[in-house]
Amino acid sequence: MGRRLLPVGLLLGLAALAACQGEEARLAAHMSRADAYLEEEKPAEAIIEYRNALQLNPNLANAHWGLSRAYLATGEAGKAYWEVQEAVRLDPGNAEARLALGGFLLFGKSDELERAVEQADAVLAGDADRADAHLLRGRALERLQRLDEAEAAYQRSAQLDPDGPERLHALAGFYVRRGQREQAEPVLRDLAQRDPSFRSLAALATFVGQDAERVVEAERLYRTAIEKATEAERPVAYQLLASYYYGRERYPDAEQALREGLEHTEDPLDLIYALARLYHARGDVAKADAMIEEATRARPTEVRPFLVLSAYRGRTGDLAGALEAAEAALAVDAESKPARLRKAELLVDLGLREDSKEHLARGRAIVDSVLAAEPASPEALFVKAKLHIAQQDLDAAAAALRRALDGRPDWAQAHLLLGSTLMLRGDRQGARAEALRALELDAQLLEARLLLARAYASLGEHDLAAEEARRVLEDRPDDQTMRILLAQSLVHLRKPSEALQQLEAIPAAERDAEVHFALGRIHLLDGRLDASRRDLLRAAEARPHHPDILESLLEVERRTDQVEASLQRIAAAVKAEPSNSRLTRLEGVALLVAGQRSLAEQKLRAAVELDPNDLTSQQTLAQYLMATGRLEESLRTYEQAIKARPDSAPLHLIVGSLYELSGRHEPAVEHYEQAVRIDPDLAVAKNNLAYLLAEQGRSLDRALDLAQEAKELLPDSPNVADTLGWVLLKKGIPQAAIGYLKEAEGGFPPGRGELGIVRHHLAQAYAANGEPERALEALDRALADLDAPRPGAEPGSAPPAEPDWAADARALRERLRASAGG
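Because the structure is a prediction, the values reported are computed rather than measured.

1. Here's the deal with the pattern of salt bridges
- Within the structure shown, the criterion is met by 70 salt bridges.
- For Arg304, the salt bridge identified is with Asp270, shortest N-O distance 2.8 Å. Of this pair, Arg304 sits in helix α17 (residues 303-315) while Asp270 sits in helix α15 (residues 269-281); the two residues are 34 residues apart in sequence, bridging distant segments of the chain.
- Judged by relative accessible area, Arg304 falls into the partly exposed class, the value being 30%.
- Glu709 is the partner of Lys686 in a salt bridge, and the nearest nitrogen-oxygen pair spans 2.9 Å. Residue Lys686 is located in helix α39 (residues 683-696), and its partner Glu709 is located in helix α40 (residues 700-713); the two are separated by 23 residues in the primary sequence.

2. Overview of the nonpolar core
- Counting residues in hydrophobic clusters, the biggest one holds 150 residues, and the most contacted among them are Ile292, Met482 and Leu503.
- For Ile292, the contacting residues outside a window of four places in its chain are Ile272, Tyr273, Ala276, Val308, Leu309 and Tyr312.

3. Brief notes about the confidence of the model for the chain
- Per-chain confidence: the chain averages 87 in pLDDT, with 95% of residues scoring 70 or above.
- Here helix α1 (residues 8-39) stands out as the least confident element of the chain, with mean pLDDT 71; helix α12 (residues 215-228) is the most confident, with 94.

4. Concerning the environment of Tyr766
- Within the secondary structure, Tyr766 is located in helix α43 (residues 755-768).
- Of the residues examined, Tyr766 reaches a relative accessible area of 6% and is grouped as buried.
- With 10 residues separating them in the primary sequence, Tyr766 and Leu776 have C-alpha atoms 8.8 Å apart.

5. Examining unusual backbone geometry
- Even without a glycine there, the phi angle at Asp355 is positive, about 55 degrees.
- Locating Asp355 in the fold gives a position in the loop between α19 (337-354) and α20 (357-373).
- Positive phi, normally seen in glycine, also occurs at Ser699, with a value near 45 degrees.
- Of note, Ser699 is situated in the loop between α39 and α40.

6. Notes on the side chain of Glu461
- With respect to the helices, strands and loops of the structure, Glu461 is situated in the loop between α25 (446-458) and α26 (462-475).
- A relative accessible area of 11% places Glu461 in the buried class.
- A polar contact of 2.8 Å, which involves the side chain of Glu461, links it to the side chain of Arg432.

7. A short note on the packing of aromatic side chains
- In total, this model carries 7 aromatic pairs according to the counting rule given.
- Ring geometry for Tyr81 against Phe104: centres 5.4 Å apart, planes inclined by 40 degrees, an arrangement best described as tilted. Of the two residues, Tyr81 sits in helix α4 (residues 77-90) while Phe104 sits in helix α5 (residues 95-105), which places them 23 residues apart along the sequence.
- Judged by relative accessible area, which is 23%, Tyr81 ranks as partly exposed.
- In this structure Phe104 comes out as partly exposed when scored by relative accessible area, which is 22%.
- A cation over a ring is seen here: Arg277 above Tyr273, with NZ or CZ 5.7 Å from the ring centre.
- Residue placement shows Arg408 over the ring face of Trp411; its charged tip is 3.9 Å from the ring centre.

8. A closer look at the packing of helix α41 (residues 718-730) against helix α42 (residues 734-747)
- Interhelical geometry of α41 versus α42 gives an angle of 160 degrees and a closest axis separation of 8 Å. As judged from the angle between their axes, α41 and α42 are roughly antiparallel. α41 and α42 meet at a crossing whose hand is left-handed. The residues of α42 that touch α41, namely those facing Pro718, Ala721, Asp722, Leu724, Gly725, Trp726, Leu728 and Leu729, are Pro734, Ala736, Ala737, Tyr740, Leu741, Glu743, Ala744 and Gly747.
- Taken together, the residues of the contact of α41 with α42 break down into 12 nonpolar, 2 polar and 2 charged.

Here is what the cut-offs are and how they apply
Residues numbered from 1 in each chain as written. Predicted model: local features only at pLDDT ≥ 70, side-chain atom pairs only at ≥ 80, totals over all residues. Heavy atoms only, no water. Salt bridge = Lys/Arg side-chain N within 4 Å of Asp/Glu carboxyl O. Helix = DSSP H or I, 4+ residues; strand = E, 2+ residues; numbered from the N terminus. Buried < 20%, exposed > 50% of the residue type's maximum accessible area, 1.4 Å probe, protein only. Core = buried A, V, L, I, M, F, W, Y, C linked by side-chain atoms within 4.5 Å. Contact = heavy atoms within 4.5 Å. pLDDT = per-residue confidence, 0-100. Polar contact = N/O pair within 3.5 Å; in protein donor to acceptor, adjacent residues only side chain to side chain. Phe/Tyr/Trp six-rings, centres within 6.5 Å; stacked < 30°, edge-to-face > 60°. Lys NZ or Arg CZ within 6 Å of the ring centre and 35° of its normal. Axes fitted to C-alpha atoms, helices over the stretch in contact; angles between N-to-C directions. Parallel < 35°, antiparallel > 145°, perpendicular 65-115°, else oblique. Left-handed = near helix turned anticlockwise from the far one by under 90°. Nonpolar A, V, L, I, M, F, W, Y, C, P; charged D, E, K, R; others polar.

Okay, here's the thing in structure tokens:
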């Protein structure tokens, strides 16, 4: 029988089916080999197979997910990020991919952090008991400053996986960063018991070591941590013990710990470096130099000794010598990544110091080449962060440093640089936490103590700021900036005589504008007007357009009937900087003092137009209109203007301010809401709206969101810090409120009228937090300015009317005193 012939159409269909089956088989084979390679830790081979699979089916979610993991294993984070996004897009039910995507998003800005929360929430919607999803959620929420939610997420993660060290480390770290020591300690102890590793024991030792009363326990824990340390961890373990001794000024013990470490480590270079730094800090520079030079000569064919020499020279300020040592390391091994990055870092440092674009470009080229091959390199990310800072991209710098610290969590220098970056961004609490962590890891890191002093002062913790500043001045007695900070903190602590002694210790020939300004302010507060004017004029000679100097001079010259001199001085500054809203507002105030009301009003309105986010200009204009009985007239004028320009956010802000000042809060809220809707970046409108909602005790969650957004937009404003603290207090979170209210108190210069109500708020927070003694201290500070004699007041003259908050403050003080007495 002959072969049966099939129709052409059927033949084509069978061919297509065979091709399809062949393609599916090839796809399955590629995926099988790729998964096996990934399991065998052969990511390069896995990448080839996953990409082959995606050529056959570009929408295969598992291939994108596998390719992401393979890229991450080879250090190609950028490619891994793109692939994991595709995996989640194609398969939203892949919980592991969502968590990985959330991990990438943790290092982004606020919108990316919100997306990280969304990834965690999506996973938890399918499995509410995923500990790693709660951990991701906690980390993202903390960086979004949604601290109550973050704490709950961290706690839930630890509850679900109590034996997972990472969960307990995260929860303890959260409490430590927030300064909540009572909550941190039991978590750290639980962690050390469940995971008695070097890392866990060192964390507990560092925590206990901060308590001056627990010396024996701290030393025992440090010693136990050394016993548990691996060979790679042992140099760090001995350095931590030495740093503990150094921080307590037990210098012989610190030296002994390092020498002991030299005897018990296979590679002692890091300990030699630490010991040399100790000698250098104690003034024995020759001995320190000899140790480092000897270590280098003993191992001339190795890279690390030259890198240690470079680090040592860099820490002593010799950047050129440090670069020379880095070049010597590269002469030993031109491909050494640590040596290349050390050279890059020094080129960046020199570029910043010398304002050299060439140095910065050379440093950037090295870093980018390293990151192209290894995107997760902590050392490369550290240098990249410095480049971001040079470009003033602080968000990118902070993200790079956090990624670096994920790889090297115990890197003191990275914590210091992150703290400095956060300080520049206005995140003072974050800066304080990073400075403290840097000092825990390296008590000799003087720059961290400098940062910590600045952070304490900006947060209103002036007793701690003064303590740190004194310690810095022991090592750097000629540091004028730190001496000024100490003096300013002493003024806030009501110790003007001590503050004056600190400033007068600076030789007259070395006093710059900042010193003369600080002296002038202290003399002004003490009523020594002639001395104040003398120093303020010297400050103004060097900085003739500085608003704070000119404002203080105006106050002195108002009291001494020399306002015309201030007017001329301020007018010249405005002419030189016509777009400076603060100077324009100051000119308006000076004109008011001089009685030129019409021109003063023009200047105040101009200041508001120049910068609608200048809260002081808004308040000054509104108070002027109210004082002159023209509030209603102004309201009608601005309401008419809004009809013509309904989408003008600044107009709605002004009208809201006028309604608020007149006591009509509902229309004020409506106009603030309109202003925020039109311009989400109008921070003053958000601040004022948050404050009113808190005053009325309504929509407190929205008030908190608004206050936090205003704080992000205006991180340096003490008014905004006060609002955020007030909202937190109204929400029943006095412990969190205290930090922001102390920051607000520290942000206003002594003598400012706003200080009274801020201190009243702070007293209420202390009282609600169960700290009556501190509440009484805050109330005494709040009422002291009202009870103090007025400079220049006629004997027997009637005191001025007290502000609205004063009666409540006096009543609270009486209640607290009665409770203490009972």
